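Each chain is listed here by its residues.
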Amino acid sequence: MITININEKEIRLDKPVTVLEAARTAGIKIPTLCAHELLEAYGGCRLCVVEVERMLKLQTACTLIAADGMVIRTKSEAISNARRSILEFLLINHPLDCPVCDKAGECELQDLVNKYGATAGRFKEEKRKVPESHEDRIFTRNMERCVLCTRCVRMCNDVQGASAINIVGRGGRSRMEPFSPTSFNCEYCGNCLTVCPVGAILSRPHLHSLRPWQIDKEVETICPYCGVGCSFVVQVRDESIKRVIPRFGFGLNNGLLCSRGRFGYEVTGSQERIKVPLVRIDGKLHQSTWDYALNLIADKLKDIRDTHGGSAIAGIASPRCTNEDNYVFQKFMRMACKTNNIDSISRIGFASAQRYFEDLLGQGITANIILGLKNSDIILVLGGDPTAVNPILGLSIRAAARNGTKIAVIGNAKGLERFKTLRIVPDIFKEAEVLEYLLTEIFRAKGLRGEKPALDRKIEGLSGKSLKIDIAGLAELKDVLLSGGSVSIVLGMDVVHRSRGHRILFAVAGITYLLEARLYLLSESSNEQGLIDMGCVPDMLPGGRPLVVGDFKKRFETVWKGTIPEKGGLTLMEIIEATKDKKIKVLYVMGENPVFNLPNTSYVKEALKSLDFLVVQDIFLTETAELADVVLPASGWSEKDGTYTNLERRIQLLRKAVNTPSSADDWRTISEISSKMGYEMHYPRAEDIMEEIATVSPLYKDLTYDEIEKGNCLWPYNGEPLRGVVSEIPAAEETFREYKEGLYLAPEKILFHSGTLSRRALALRKICPEPTLKIGTNHAEKLGLKEGDNVSVSTAQGSINVQVSIDTAIKDNKVLLGNNFEGRGVFSLLNYEIDPITKVPGIEGCEVTIEKI
């Protein structure tokens, strides 16, 4: 125990910390410009000077480690004079343009000068002149205001890991600049904006819009863009979002954001929003009243249900809707429409992977804390780039690498290129063989654990096969995994989108089991986990209760006051195929765009055109909504209360920030339709829905919004998870396909976009305005392509024109294209083959022709 005295206040410390940190814990404020909670001590601004007994000179509190018995003063005439002199020096070159500076009102320098002086300057030197730079699409730089605290540079290098900016020049000519000549050309996280104490770096979308004191309200809520669930504060004026800002010490992201979280807020304020219901009359969508639209939907659903049975109706839920929305939706489908045909886009990745792992390893196997990555000795990454799919999780991997963790990458993860210890590049689409080899080698070295007989038998059976693979670095990777210590596996969905993806999943499950590793699934949408937990799958009820177990089914029927259909439902792609075969007559799509987000777009489109009736509930007129018979406006993330469940299985509160009269909560709309169909659902508030969930589902027993608000609502909450695993694992289908020397098209997860939602965010469109085809250096040279060339990309499904971007990280025969922009999504060029075990559409092996235009 260390005991120190600051301003005659005794402070006890458990471990050595700086005097500045010790003062903070005691609520004593010491002024500083260069120090920050997330950054290492720097000692540059000297404003934090304090007096320490038996030390002749003033000491910087941010670098001085507290020692037992220290007596410290933070206030004295000498200290005030020193701080005043430092501020006077800073103001020699700092322009006195507070009235026009966007930082006014939240400028740390302004506050310090107001408190300590100087009231007048004694220096007559001419101020330095540096032209303000507006060349970047998102950031404005005014280096006349820079105080050279280097917070931005240290944040970019030491925390974000992007290393996109640095201090150049010497003496009075020193300034911060990006490495590229005109723009930052970085990850556009904006975390440099957060830490800048003055107005040297500013956000162009927010520039000259309003002052901090003009904000009407601030609302703490959750980012809607990925499965991490970062917390931030929404600043609102006149029922319009003006800015979102993080807060340090708040949420699992601890004050950090990615580009989507910081600049994607403009989506809900888009002028393209659907504001009134639309009904198809004579082949065209026309504006309608709510009553007419809801009555039409209810009548059509009743007619189909009564004539053809509930199995002729299906629903597609949304991983972007809240837990409350999805719970009410699945209840509506099962009780009002009498069908278990309910699934979501998560079926093509997250939902199938998680179900497979839980069947083999038990419920909760993927419920691991993101911050736990920093404590791992080894992190194995495959199936995608965490820094693009879940950027804040990616930062935890980068932080772990800086702390000495070994980072092993299988495939391509560009954001970890400078942080990896080793990288394995398998032959194209041959990850299963690599993982099966690793599994057998680990089994031979460690043996079986004997805890899960079915899994043990399967691993032992696999080890009898002859697996010889000659890939650079594979032996080293095996040795790293067997070297001991804590192992974490981060799995992206790129390797799940395979026609035999179950082989990859089994190998990952086996490695996780034998190494007792933590398993993380990358999640592209904000509520993929919640969607599953709420029962928006064809064979599970809320809380992960199997539909086929009579006792579980009976419990729900008692609370819901009705009968749940006995027959199991169809998975997503089975729904699409049944729609094409006219076995499904009506499809209700809530907050999703299957026409754009599923492979073989033309087939999906034709299938939906075969429906008798299509209902789409969304905030935009998407490619799917354009085919609908009725389109209903919905609420965006900032317009509703509710909860999200992130990839850790942490439940978090989503709070309403703005009121939009034209929007309606998804759960409220569905409840009204259900009531019109004869099954009453009445919920005054979203909180009432959570109360019902806590009543009916043993997993959410006694869970309340008050408990969720505390921020530590982690699985299994207060509830009772199921502990069983499967007794027999389905046999893997071994099909060996040889791939030619040509190029193959695969989806890319773009850092700056998320699905089709972010394409309506103007700032994100400025950063990444159009799709680009990523191609490796070697293949670009063979085709005579240069950066920015226009090319035609063709497959058997069609062709599109895009620009080329040469990516040095791509070492195999793949070319990558995103699925975000209208008319130019990669899924429109891909066909699929269903994995018989996971029911995932496998999209590998699509040969592509690239021609320069």
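Draft legend 1. Structural view of the pattern of salt bridges. One pass over the full model with this rule turns up 49 salt bridges. A salt bridge links Lys420 to Glu417, with the nearest nitrogen and oxygen atoms 3.3 Å apart. Because the salt bridges share partners, they merge into one network encompassing Glu51, Glu53 and Arg73.

Draft legend 2. Just the pairing of strand 15 (residues 313–317), in detail. Taken across its 5 residues, strand 15 has 5 buried, putting it largely inside the fold. A two-sided burial pattern is seen for strand 15, the buried positions comprising Ile313, Gly315 and Ala317 on one face and Ala314 and Ile316 on the other. Sheet topology note: the strand 15/strand 24 (residues 586–590) ladder contains 4 bridges and is parallel. Looking at strand 24, one finds that Ile316 is bridged to Val589. Note that strand 15 and strand 16 (residues 342–344) share 3 bridges and pair parallel. When the bridges of strand 16 are listed, Ile316 appears paired with Asp343. Regarding the hand of the β-α-β motif, the stretch spanning strand 15, helix 8 (residues 323–336) and strand 16 is right-handed.

Draft legend 3. Up close: the domain arrangement of the protein. Along its sequence, the protein is organised into domain 1 (2–75), domain 2 (134–269), domain 3 (278–347 + 527–710), domain 4 (350–521) and domain 5 (744–852). The straight-line distance from the C-alpha centre of domain 1 to that of domain 4 is 44 Å.

Draft legend 4. Geometry of the nonpolar core. Core analysis: the largest hydrophobic core is formed by 93 residues, its most contacted members being Phe139, Val228, Leu393, Ile397 and Val490. The element that contributes the greatest number of residues to this core is helix 11 (residues 391–402), accounting for 6 residues. Dropping the residues within four chain positions of it, Phe139 is found in contact with Ser133, Phe184, Cys186, Tyr188, Gly190, Cys192, Leu193, Ile201, Leu202, Arg204 and Phe263. Judged by nonpolar contacts, the second largest core, of 59 residues, contains Ala312, Val586, Met677 and Ala694.

Draft legend 5. Structural detail: the packing of aromatic side chains. Within the structure shown, the criterion is met by 12 aromatic pairs. Between Tyr327 and Trp560, the ring centres sit 6.1 Å apart and the planes meet at 70°, which makes this aromatic pair edge-to-face. Of this pair, Tyr327 sits in helix 8 while Trp560 sits in helix 17 (residues 550–560), placing them 233 residues apart in sequence. One exposure class covers both Tyr327 and Trp560, and it is buried. Each ring, one from Phe332 and one from Tyr588, has its centre 5.9 Å from the other, and the planes form 75°; the classification is edge-to-face. You can see Phe332 sitting in helix 8 and its partner Tyr588 sitting in strand 24, a full 256 residues away along the chain. Overall, Phe332 belongs to the buried group, its relative accessible area being 0%.

Draft legend 6. Structural view of the sheet that holds strand 18 (residues 406–410). Sheet architecture is open: 5 strands sit in the order 19-18-17-20-21, paired in parallel fashion. Two strands close off the open sheet at either side, each with one partner strand: strand 19 (422–424) and strand 21 (518–521). Neighbour-to-neighbour, the strand axes of the sheet open up by a mean angle of 15°, direction not taken into account. Sheet topology note: the strand 18/strand 19 ladder contains 3 bridges and is parallel. Each residue of the ladder has a partner; that of Ile410, found in strand 19, is Ile424. Contacts between helix 14 (residues 474–482) and the sheet are confined to strand 17 (378–382), strand 18, strand 19 and strand 20 (487–491), with strand 19 contributing the most and set at about 125° to the helix.

Draft legend 7. Structural context of the side chain of Thr60. Structurally, Thr60 is set in strand 4 (residues 59–60). A polar contact of 2.5 Å, which involves the side chain of Thr60, links it to the side chain of Thr63. Sequence-distant contacts of Thr60, defined by excluding residues within four places in its chain, comprise Arg46, Cys48 and Val49.

Draft legend 8. Structural view of helix 7 (residues 290–308). In a regular helix each residue adds 1.5 Å, so 19 residues correspond to 27 Å; helix 7 covers 27 Å between its end C-alpha atoms and thus fits that length. For helix 7, the set of buried residues is Ala293, Leu294, Ile297, Ala298, Leu301, Ile304 and Arg305. For helix 7, the arc enclosing every buried residue in end-on projection is 140°, short of the 170-degree limit, so these residues lie on one face. Exposed and oriented more than 90 degrees from the buried face of helix 7 are Asp291, Asp306 and Thr307. Immediately beyond the C-terminal end of helix 7, within one or two residues, lies Gly309, with a positive phi of roughly 90°.

Draft legend 9. Examining helix 2 (residues 77–93) more closely. Across its 17 residues, helix 2 extends 26 Å between first and last C-alpha, which sits within 8% of the 24 Å expected from 1.5 Å per residue. Of the residues making up helix 2, those classed as buried are Ile79, Ala82, Arg83, Ile86, Leu87, Glu88, Leu91 and Ile92. Among the structural elements, strand 3 (49–52), strand 5 (71–73) and helix 3 (108–116) are those in contact with the buried residues of helix 2.

Draft legend 10. Expanded view of the sheet that holds strand 15. The sheet built from 7 strands is open, its strands ordered 14-13-26-25-24-15-16 with mixed pairing. The sheet is open, and its two borders are formed by strand 14 (284–287) and strand 16, each paired with just one other strand. Put simply, the sheet's adjacent strands are angled 20° from each other on average, direction ignored. Sheet contacts for helix 8: strand 15, strand 16 and strand 24; angle to strand 15, the most-contacted strand, approximately 175°. Sheet strands in contact with helix 18 (residues 572–580) are strand 15, strand 16 and strand 24, and its direction is about 115° off that of strand 16.

Draft legend 11. Seen up close, the state of the cysteines. Evaluated as defined, the whole model comprises 0 disulfides. Cys146 takes part in no disulfide bond, and the closest cysteine sulfur to it belongs to Cys152, at a distance of 6.3 Å. Using a relative accessible area of 14% as the deciding quantity, one classes Cys146 as buried.

Draft legend 12. Examining the environment of Thr669 more closely. Within the secondary structure, Thr669 is located in helix 21 (residues 666–676). Remark: the alpha-carbon pair of Thr669 and Trp290, spanning 379 residues in sequence, is separated by 9.6 Å. Excluding its chain neighbours within four sequence positions, the residues that come into contact with Thr669 are Trp290, Leu294, Tyr588, Gln617, Leu632 and Ala664.

Draft legend 13. Looking closely at the side chain of Arg545. Mapped onto the elements of the fold, Arg545 is located in strand 23 (residues 545–546). Buried and unpaired, Arg545 has no salt bridge, with Glu720 as the nearest side chain of opposite charge at 4.6 Å. At a separation of 3.1 Å, a polar atom in the side chain of Arg545 contacts the main-chain carbonyl oxygen of Gly543. Look past the residues within four positions of Arg545 in its chain and what remains in contact with it is Asp539, Met540, Phe552, Phe556, Pro698, Leu699, Glu720, Pro721 and Leu722.

How each quantity is defined
- Residues numbered from 1 in each chain as written.
- Predicted model: local features only at pLDDT ≥ 70, side-chain atom pairs only at ≥ 80, totals over all residues.
- Heavy atoms only, no water.
- Salt bridge = Lys/Arg side-chain N within 4 Å of Asp/Glu carboxyl O.
- Buried < 20%, exposed > 50% of the residue type's maximum accessible area, 1.4 Å probe, protein only.
- Helix = DSSP H or I, 4+ residues; strand = E, 2+ residues; numbered from the N terminus.
- Pairing = 2+ DSSP bridges.
- Right-handed = clockwise from strand over helix to strand, strands pointing away.
- Domains from an automatic or database assignment.
- Core = buried A, V, L, I, M, F, W, Y, C linked by side-chain atoms within 4.5 Å.
- Contact = heavy atoms within 4.5 Å.
- Phe/Tyr/Trp six-rings, centres within 6.5 Å; stacked < 30°, edge-to-face > 60°.
- Axes fitted to C-alpha atoms, helices over the stretch in contact; angles between N-to-C directions.
- Polar contact = N/O pair within 3.5 Å; in protein donor to acceptor, adjacent residues only side chain to side chain.
- Expected span 1.5 Å × (residues − 1).
- Arc of directions from axis to C-beta.
- Disulfide = S-S within 2.5 Å.
- Lys, Arg positive; Asp, Glu negative; His and termini not counted.

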